[in-house]
Amino acid sequence: MSASKISVAKKAINQIEKKFTKDMVLGIGTGSTVNFFIEELSSYKNHFYGAVSSSEASSKLLREKGIDVFSLNDVNEVTYYIDGADEVSPDNELIKGGGGAHTREKIVAASSKEFICIVDKSKLVNQLGAFPLPLEVIPESRSMVARKIVALGGTPEYRSGFITDQGNEIIDVKGLEIPDPEALEIYLNNIPGVIDNGIFAFNKPSIVLVGD
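Fair warning: this is a prediction, and the values are worked out from it, not measured in the lab.

(A) Quick peek at the overall build of the chain. A count of helical and extended segments in the chain gives six helices and 13 strands. Relative to the 2.2 N^0.38 estimate, which gives 17 Å for 212 residues, the radius of gyration of the chain is 17 Å and therefore close to what a compact globule would have. Considering only C-alpha atoms, the chain reaches an extent of 50 × 35 × 25 Å along its principal axes. By the burial criterion, 51% of the 212 residues in the chain qualify as buried. Sequence separation of at least 24 residues holds for 75% of the intrachain contacts in the chain that already meet a minimum separation of 6.

As structure tokens, this is what we get:
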């Protein structure tokens, strides 16, 4: 598995290395595959300006590699956003959030000129929904949101002991079929108390690279 992740990390570097500029800011996602990408990226740290990160964990690793990390509020443009996924549909729609960082991941993806998704073959599916769908929720809304999910036909499971970087909680939803990711993304985000859900239908990648 790690060989596949190293393979796709190198593919991502090959995709962008000739386009580096001294003022370029990269968006960096979260997860084990992205960690391999950060390792590869460290060799090019003098070829671009710095990075915006989707999680405190990735920010820490980037800084350890000597890459400057900026707040999204302090940069004018993010050229590429590189991140993994938990599921990828044939239309490049994603489920993300296994690491609980999907809200910030979606914000950085929406702020970037191009989103490049890096995965191994096991993440490719015919239809989203086998992987539990994460919802980041305000703590006071958790039970109410869970009841809405049950009414929708899903099985909500509180991610016990986990707090997001924004100080919120995660409900993982199992048993939902997702034939229309755009419609479900909108519906879930309109439940009061839901900060964001892990469907990336409107902020899907333009490129999906798959590890050998």
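(B) Up close: the packing of aromatic side chains. A complete count under the given rule lists four aromatic pairs for this structure. Both rings, one in Tyr49 and one in Phe70, keep their centres 5.0 Å apart while their planes meet at 0°; by these two values the pair is stacked. Of this pair, Tyr49 sits in the loop between helix H2 (32-41) and strand E2 (50-53) while Phe70 sits in strand E3 (residues 69-70), placing them 21 residues apart in sequence. Residue class for Tyr49 comes out partly exposed when judged on its relative accessible area of 47%. Here Phe70 falls in the partly exposed class, since its relative accessible area comes to 24%. Measuring from ring centre to ring centre gives 5.0 Å for Tyr81 and Phe115, while their planes differ by 50°; the resulting arrangement is tilted. Placement of the pair is Tyr81 in strand E4 (residues 78-83) and Phe115 in strand E7 (residues 112-119), with a sequence separation of 34 residues. Look at Phe115 and you get buried, because its relative accessible area is 4%.

(C) Main features of the environment of Leu133. With respect to the helices, strands and loops of the structure, Leu133 is situated in strand E8 (residues 133-137). You can call Leu133 buried: its relative accessible area is 2%. Separated by 59 residues in the primary sequence, Leu133 and Asp74 place their C-alpha atoms 31 Å from one another. Beyond its immediate sequence surroundings of up to four residues, Leu133 is in contact with Ile95, Ile171, Asp172, Val173, Ile178, Leu184, Leu188, Asn197, Gly198 and Ile199.

(D) Examining the sheet that holds strand E12 (residues 199-200) more closely. Read from one edge of the open sheet, three strands run E5-E6-E12, paired in antiparallel fashion. Single-partner strands in this sheet number two, and they are strand E5 (87-88) and E12. As defined by bridge partners, E5 adjoins strand E6 (residues 94-95) across two bridges and the pair is classed as antiparallel. For Val88, the partnering residue across the bridge sits in E6 and is Leu94.

(E) Region of interest: the sheet that holds E2. Strand order in the open sheet made by the six strands is E3-E2-E1-E4-E7-E13, with parallel pairing throughout. The open sheet has two edge strands, E3 and strand E13 (207-210), and neither has a second partner. Relative to E4, strand E1 (residues 25-28) runs parallel, the two sharing three bridges. Paired with Ile28 across the bridge in E4 is Ile82. Here H2 sits on the sheet in contact with E1, E4 and E7, set at roughly 155° to E1. Against the sheet, helix H4 (residues 102-111) makes contact with E1, E2, E4 and E7, and its axis sits at roughly 130° relative to E7, the strand it touches most.

(F) Geometry of the nonpolar core. Residues Ile16, Leu26, Ile28, Phe37, Leu41, Ile116 and Ile118 are the most contacted members of the largest nonpolar core, which totals 25 residues. Mapped by element, the contributors of at least two residues to this core are helix H1 (2-16), E1, H2, helix H3 (56-64), E4, E7 and E13. The dominant element in this core, judged by the number of residues it contributes, is H1, at five residues. Non-local contacts of Leu26, meaning those with residues more than four positions away in its chain, are made with Ile16, Phe20, Leu41, Phe48, Gly50, Ala51, Val52, Val78 and Tyr80. Of all hydrophobic cores here, the second largest spans 18 residues; its members include Val173, Leu176, Leu188 and Ala201.

Cut-offs applied
- Residues numbered from 1 in each chain as written.
- Predicted model: local features only at pLDDT ≥ 70, side-chain atom pairs only at ≥ 80, totals over all residues.
- Heavy atoms only, no water.
- Helix = DSSP H or I, 4+ residues; strand = E, 2+ residues; numbered from the N terminus.
- Rg over C-alpha atoms; globule rule 2.2 N^0.38 Å.
- Buried < 20%, exposed > 50% of the residue type's maximum accessible area, 1.4 Å probe, protein only.
- Contact = heavy atoms within 4.5 Å.
- Phe/Tyr/Trp six-rings, centres within 6.5 Å; stacked < 30°, edge-to-face > 60°.
- Pairing = 2+ DSSP bridges.
- Axes fitted to C-alpha atoms, helices over the stretch in contact; angles between N-to-C directions.
- Core = buried A, V, L, I, M, F, W, Y, C linked by side-chain atoms within 4.5 Å.

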